[in-house]
Structure formats: C-alpha cells, structure tokens
Amino acid sequence: MKSKWPLVALVCLFLRTEAIDYRSWSCEPYEFFLDFYRCCSESKLSERSEPSWTPTTYVLYEVNPSEGFNLRRDVYIRMAVFMRGLRRMPGWENTKLVLPPWSELHHWRSNTINQRNLTWGHFFDLESMRKFTEVIEAEQFFREFERWSTGSGRHEARNPVSINEYYRLTHFDDMFENGVFVDKFEQTPCTKALTKDAPGFMRLHATFEIDEFYCVRFQGAATLLYSMFKKFGPERQPEIRTIFVGNAEVVLHDHWGNVDYWEARRSMRFSKTLVSIADEFRLHNFNSSNERDRVQRPASWTDERPYRKAKGGDFLCAHLRRADFLYGRDKTTPTLHSAAAQIKKKLLELGLRKVYISSDCPGMEFNDLKNYLRRFKVVRFTPESRAQMDQLKDGGVAIIDQIICSQARYFIGTYESTFTYRIYEEREILGFPRDLTFNTFCKHEEATNCEKNAVWPIQYE
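Given the structure is predicted, the values throughout are model-derived calculations rather than measurements.

Participant: I'm lost on the overall build of the protein in this one. Help?
Facilitator: Along the protein, the regular secondary structure elements total 15 helices and eleven strands. Among the 461 residues that make up the protein, the fraction classed as buried is 50%. Of the roughly 23,000 Å² of accessible surface on the protein, a fraction of 51% belongs to carbon and sulfur atoms.

Participant: Got a minute to help me understand the state of the cysteines in this structure?
Facilitator: Evaluation of the coordinates by the stated rule reveals three disulfides. One disulfide bridge connects Cys-190 with Cys-215, the sulfur atoms lying 2.1 Å from each other. One quick way to see it: the torsion about the S-S bond of Cys-190 and Cys-215 is about 120 degrees, and its sign makes the bridge right-handed. Taken together, the positions of Cys-190 in the loop between strand S5 (184-187) and helix H6 (192-195) and Cys-215 in strand S6 (residues 208-219) put the pair 25 residues apart, joining distant regions of the chain. A residue is classified by how much of its surface remains accessible, and Cys-190, at 36% relative accessible area, is partly exposed. There is a disulfide in this structure between Cys-442 and Cys-450, and the S-S distance comes to 1.9 Å. An S-S torsion of about -65 degrees defines the bridge between Cys-442 and Cys-450 as left-handed. In this structure, Cys-442 and Cys-450 share a single accessibility class: buried.

Participant: Before we go on, may I ask you to explain the side chain of Gln-219 in this structure?
Facilitator: Position of Gln-219 relative to the elements: it lies in strand S6. Separated by 3.2 Å, the side chain of Gln-219 and the backbone oxygen of Met-175 make a polar contact. At 2.8 Å, the side chain of Gln-219 and the backbone oxygen of Val-182 are in polar contact. The contacts of Gln-219, once residues within four sequence positions are left out, are Phe-172, Asp-174, Met-175, Phe-181, Val-182, Asp-183, Lys-184 and Leu-224.

Participant: I'm lost on the pattern of salt bridges in this one. Help?
Facilitator: Where charged atoms from two side chains of opposite charge approach closely, those side chains can pair. Under the defined criterion, the tally for this structure stands at 25 salt bridges. Its salt-bridge partner being Glu-263, residue Arg-84 comes within 2.8 Å of it at the nearest N-O pair. Taken together, the residues Arg-84 in helix H3 (residues 69-86) and Glu-263 in helix H8 (residues 259-267) connect sequence positions 179 residues apart. For Asp-279, the salt bridge is made with Arg-282, and the minimal N-O distance between the two is 3.2 Å. Of this pair, Asp-279 and Arg-282 both sit in helix H9 (residues 272-286), three residues apart, which is roughly one turn of that helix. Classification of Asp-279 as partly exposed rests on a relative accessible area of 25%. Looking at Arg-282, the relative accessible area reads 1%, which means it is buried. Where salt bridges share partners, they join Arg-265, Arg-266, Arg-269, Arg-297, Glu-304, Arg-422, Glu-425 and Glu-426 into one cluster.

Participant: Would you mind going over helix H12 (residues 336-350) with me for this structure?
Facilitator: Spacing of three or four residues puts side chains on the same side of an α-helix, whose turn is 3.6 residues. Between the first and last C-alpha of H12 there are 21 Å, a value that for 15 residues agrees with the 21 Å anticipated at 1.5 Å per step. Within the span of H12, buried status applies to Leu-336, Ser-338, Ala-339, Ala-340, Gln-342, Ile-343, Lys-346 and Leu-347. Tucked inside the fold, the buried residues of H12 contact strand S8 (313-320), strand S9 (354-359), helix H13 (363-372) and strand S11 (408-412). Directly after H12, the chain includes Gly-351, whose backbone phi takes a positive value near 70 degrees.

Participant: What's the story with the sheet that holds S8 in this structure? I'm lost.
Facilitator: The pairing of strands in a sheet comes from backbone hydrogen bonds and takes either a parallel or an antiparallel form. What the four strands build is an open sheet, ordered S10-S9-S8-S11; its pairing is parallel. Taken across any chain shown, the strands that pair with only one partner, and hence form the sheet edges, are strand S10 (377-379) and S11. This sheet shows a mean twist of 25 degrees between the axes of neighbouring strands, independent of strand direction. Here S8 pairs with S9 via five bridges, running parallel. The partner of Leu-316 across the bridge, within S9, is Val-355. The sheet strands contacting helix H15 (residues 418-430) are S8, S9 and S11, and the helix crosses S11 at an angle near 150 degrees.

Participant: Just checking my understanding: could you explain the confidence of the model for the protein for this structure?
Facilitator: Of the residues in the protein, 84% reach a pLDDT of 70 or more, and the chain-wide mean stands at 87. In the model, residues 1-50 has pLDDT below 50 throughout and makes 37 contacts with residues more than four positions away in sequence or in other chains. Contacts of residues 152-157 to residues separated by more than four positions or lying in other chains number eight contacts, the stretch itself having pLDDT below 50.

Participant: Just checking my understanding: could you explain the sheet that holds S5 for this structure?
Facilitator: If you walk across this open sheet you meet the seven strands as S3-S2-S1-S7-S4-S6-S5, and the pairing is mixed. The outermost strands of the open sheet, each flanked by one partner alone, are strand S3 (135-137) and S5. Each adjacent strand pair in this sheet contributes to an overall mean axis angle of 30 degrees, direction not counted. Both strand S4 (residues 161-170) and strand S7 (residues 240-246) contribute to a ladder of four bridges, which runs parallel. Each bridged residue has a counterpart across the sheet, and for Tyr-167 the counterpart in S7 is Val-245. In this fold H3 packs onto strand S1 (56-61), strand S2 (94-99) and S3, with an angle of close to 170 degrees to the strand it touches most, S2. Here helix H5 (residues 138-150) sits on the sheet and contacts S1, S2, S3, S4 and S7; the angle it forms with S3, its principal contact strand, is near 90 degrees.

Participant: Help me out: how do you make sense of the pairing of S2 in this one?
Facilitator: Along any regular strand the residues' side chains alternate between the sheet's two faces. The element S2 is largely enclosed, with a buried count of five among its six residues. As paired strands, S1 and S2 are joined by five bridges and run parallel to one another. From the neighbouring strand, Thr-56 faces S2, where its bridge partner is Asn-94. Considered for its hand, the β-α-β crossover made up of S1, H3 and S2 is right-handed. Sheet topology note: the S2/S3 ladder contains three bridges and is parallel. Residue pairing for S3: Leu-97 is matched across the bridge by Val-135.

About the cut-offs
Residues numbered from 1 in each chain as written. Predicted model: local features only at pLDDT ≥ 70, side-chain atom pairs only at ≥ 80, totals over all residues. Heavy atoms only, no water. Helix = DSSP H or I, 4+ residues; strand = E, 2+ residues; numbered from the N terminus. Buried < 20%, exposed > 50% of the residue type's maximum accessible area, 1.4 Å probe, protein only. Areas by Shrake-Rupley, 256 points an atom, 1.4 Å probe, with all protein chains shown as cover. Disulfide = S-S within 2.5 Å. Polar contact = N/O pair within 3.5 Å; in protein donor to acceptor, adjacent residues only side chain to side chain. Contact = heavy atoms within 4.5 Å. Salt bridge = Lys/Arg side-chain N within 4 Å of Asp/Glu carboxyl O. Expected span 1.5 Å × (residues − 1). Pairing = 2+ DSSP bridges. Axes fitted to C-alpha atoms, helices over the stretch in contact; angles between N-to-C directions. pLDDT = per-residue confidence, 0-100. Right-handed = clockwise from strand over helix to strand, strands pointing away.

Laid out in structure tokens, this is it:
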C-alpha cells in the first residue's frame, strides 16, 4: 500500500502557496519537505486574507481659529484620550495623532514677532506626551507621507498630500431634542461656507488633495469619532490612511476628569526651555525651588503618585484676567482696586510679603495695582530683551506665568477663565492642598458668597 504522506504534503504546500503575501509564511518553502507537519499545523487558512503589514493611519485635526491657547490644550486631551483607545482597536494599532501648529491666536497680540506655524515642541515636551499616546508634529507627518509616496524623504519636489477623508464638524441646531442629549452624528449637505476654506495648517504644504469631503453634524464624545470613521471610511483599512477632523472643539470629552483625562493632562509637561526660565525667575525673586517648595515632580509623569504635601514658595500668585473679560464678564470680574483689596487680605492672613501677578493688563494698570499694594513686593514676568521675546513668543510667556503660579503658596484666579483652570490642574499635579489652589476672585472685595470656579480634583485610579 502506497504512503499517503507525499499527497498530504503537496496539499499543504498548495494551501500555503495559495496565499498572495508570502511574508506571512511561518517557515520557508524548502522546510515543507523537511518538516511539513509543523508548517501545516501552524498554517491558518483564515489568516491568508489578512495583510502582513499593519495599516498606518494619520488623524489630523484643527480647532476653530477664534479659540484660545488654553481651550486648544483641552481639545488636545479629548483627541489624545480618543487616540489611545483607538490604537487598541484591530487595524488601528499604528495610528498617529498629528498635532496642528500654533498660529497667531486671538490672544497673542505681539505683532512685531513671527508667531505663525509654531510647533508643539516649542511649548511642550513631546517625549513626555508620547508616553501617553503616539503624537507627531505636522512637519513630521509631511516627511513621513513624502517617504511613503515617493520612497524618499526629500522636501524639494513634494507630491500632493492626500487627505482621504475630511470631516467638517458642526453642532446640531437643537442639541437637546425632546429635552435629552443623545450622542449622534449625521451627514449634512455641504455649503460653500463650509467648503471654501482649506484646512489651515495644510497650507504649510505646497499642494494637497481631499478625496472625500464630509459635512457632519456631530454631537457626543470623542469615541463617537470611531463610528464616524467606520461609517464613511473604506471597508478595509488601506496601507496608508489620512483622516482630517475640522472643528474638533465640537467633540466632547468621553469622561471629563477621569483617570484617562488626568494621565493625558499630566503627560503635557512644558518644554525644558520654558521650565528653566520660570525656575530661574522664581529662584531669583522668591527663593523658590522644587525642593524647598516640597512639590511632586519626578523625572517622568508616569512616576507621579497621590500627594497632598506641597508647600509652595513664600509668595502668592494672582491670575487677574482683564481685556475682554471687562466687558464680556463684567458682572464677575473685579476692578483693580477690588482685586488688590482681596490680594492684600490674603497676604496678611498668610503672613506673606510677595505677590506674583499673572495678567493681560497693560503696564499702566499693573503700576496702579502696585500702588494699591505698595507695602508688598509685586512682580510679573516680562522678557528681558527683544531677542528673548522673539524666542518665547506670547504663548511661551503665558506658560512661564502658569509655571510660576503653580509653585506659589496660595493661588487665586479669575472666574470662568481657562487660563486659571490650567493653573488649577498644574497645582493638583504638583500636590497642593485644595484650599490653597481652588480660589476665585469675587466682583466685590466684601463679598463672601460670590460665584466660584468648580473644584476638579486629580484622579489616579
């Protein structure tokens, strides 16, 4: 009787060579004749239809041009938390979040310096952010796309960058239909107003193409984006896929203030250059340092633990928002005299003699404030030269303000200011007792029960 093993081996070999992608083989072709049983047993017919490469997806986004620096940081957290969850989905493991450059924001008013297309690395520590999820600068995206499309990383003759899907998000007209807020999205006809403008930072690239443009009414948390991508995108992930989300501020947090939120927030450490300048300023003016102030600041945010023993430097910090708040929120924004009276009261109560002022007030108002507080040392940070201002930009000066305020013994902020909220968060991370952080200016100094900002404690588990 003839042996059946040669026939079995030939059948097994046929099944394996039927697959198109030979890179998925678990052994070399010649091994079938030496150890065909192992090769056949490791072969899975269901895998023959799966590509051996992992699809790469780039998710780009932008925020309404009128939104400020600190709101944009919050939108990033929404997208970053979504990105970390998305990368756990099959076929999305190699997804990268492309960070939109910063350009001439509404509150950046220094018009004698170039503040266009600034990288995130100018303000933040990208290596720290990448410990939370995969993020890249826009220019890195352009380089990677160029290498993929042409096989070289040269910039001289760029091919058009293809945006496979562009989603322009807008709110629903009635967000509480029948009195209930429901997560949902629906495609809507695109008007000329929605399609006439190209994605802003894509203008950094000479040419780009949009394959599919979708106008979508969107209402819900960031995880709903995945359903949108699945509905309008291809059935199977291509080798390279580029997705652009316009007006990403429409997207809400999945769970605001939970562990994921705070991990993303903690990963957003500031650039070492800005931290160094702020540290030098507070050491010189307040004899303040991390060691003396007993704040929590390990080398990596991943080593931070629950902590409430931060002391802070021997100074008070006041964030006093002026400018548009004087007329937009005049019912809750104090006058300079009222703010000075509240600062003075707290300085005397705490036995402090120094105060740091973080404010967008002009020089004349700052001098008035100093006169109201003439018995105390009142300081603010200003770049020491035109060259340093050109280096820092308005956004860098604002971050230095936040770093210094986050280290003060006591902090008092402005009602409903996102700038104030970002300082609250920094102080929560550093480990201050809540009563030294979550404080708000009242409209009138004699008020005892005025409206206060919400208390949002940090979460570790």
